[in-house]
Amino acid sequence: MKHCILADNQFVTNEGISALLARTGIEHIVRVKTRSELQKNLGVYPDALVVLDYTLFDFISMQQMLIVKTAARSSTWILFSNELGDVFLRYVLQSDPTISVVMKNDSSAEVLEALQYSVRGIPYVCEYAEQILQNETPADTDATPIHLTASEKIILHEIAMGKTTKEIAYEKNLSFHTVNSHRKNIFRKLEINNVHEAIKYAIRAGIFDVAEYYI
């Protein structure tokens, strides 16, 4: 493996990953900004290492991402992000255990290790993702009732399904701004700061059942 396709739209991340990749023996890095560019370059470099921030990319769904990866059977993928939900990680890693996961808040040593494993074709799962795979979110019947509008409950359910703001807007025929406003209101009302906490509340409040995701 001598090629890497870097699918991340953050300049600082691109520079940091490029510096770490130089230590793994990767000789050529291609930076792409869209799904179509990613697919085009996978056609040119079918055995490339793909470093992807799913949350910043224009995939319509996680299923679409998995289809693109499956079509490029010789490629190796690392999901590299600030925020990946529990349900998303369980579904993706159970669907394709060859995918590696490392978070942007992990140490540079761990990110480098993930890259080195992937270059050798060995899947790497960071501690955060490993904990999610090993533990089920416990139910909490003592959740304090919080008033969410009907629209906010729908958006929260979709967030718990692992969907990004772009995906929800596309599927519900809403503007990105509308969905993002609902998301901010939900987080404000629940006094939370991340998707992980949103999912836990959705489960406790009966808005989302993990089992339905696999139906």
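What counts, and at which threshold
Residues numbered from 1 in each chain as written. Predicted model: local features only at pLDDT ≥ 70, side-chain atom pairs only at ≥ 80, totals over all residues. Heavy atoms only, no water. Helix = DSSP H or I, 4+ residues; strand = E, 2+ residues; numbered from the N terminus. Buried < 20%, exposed > 50% of the residue type's maximum accessible area, 1.4 Å probe, protein only. Pairing = 2+ DSSP bridges. Axes fitted to C-alpha atoms, helices over the stretch in contact; angles between N-to-C directions. Contact = heavy atoms within 4.5 Å.

## Considerations on unusual backbone geometry
Line of reasoning, step 1. Even without being a glycine, Asn 173 presents a positive backbone phi close to 60 degrees.
Line of reasoning, step 2. Mapping Asn 173 onto the fold places it in the loop between helix H8 (165-172) and helix H9 (176-190).
Line of reasoning, step 3. Asn 173 sits in the exposed class, given a relative accessible area of 71%.
Line of reasoning, step 4. At Glu 191, a position not held by glycine, the phi torsion is positive, near 55 degrees.
Line of reasoning, step 5. Looking at where Glu 191 falls in the secondary structure, it is placed in the loop between H9 and helix H10 (195-204).

## Some remarks on the sheet that holds strand E1 (residues 3-7)
Line of reasoning, step 1. If you walk across this open sheet you meet the five strands as E2-E1-E3-E4-E5, and the pairing is parallel. Both edges of this open sheet fall to strand E2 (28-31) and strand E5 (100-103), since each of them pairs with a single strand only. Taken over all neighbouring pairs, the strand axes of this sheet differ in orientation by 20 degrees on average, direction set aside.
Line of reasoning, step 2. Where strand E3 (residues 49-52) lies against strand E4 (residues 76-81), four bridges are found, and the strand directions are parallel. Residue Val 50 lies in a different strand from E4, and its bridge partner there is Trp 77.
Line of reasoning, step 3. Across the face of the sheet, helix H1 (residues 11-21) comes into contact with E1, E2, E3 and E4 while running at roughly 165 degrees to E2.

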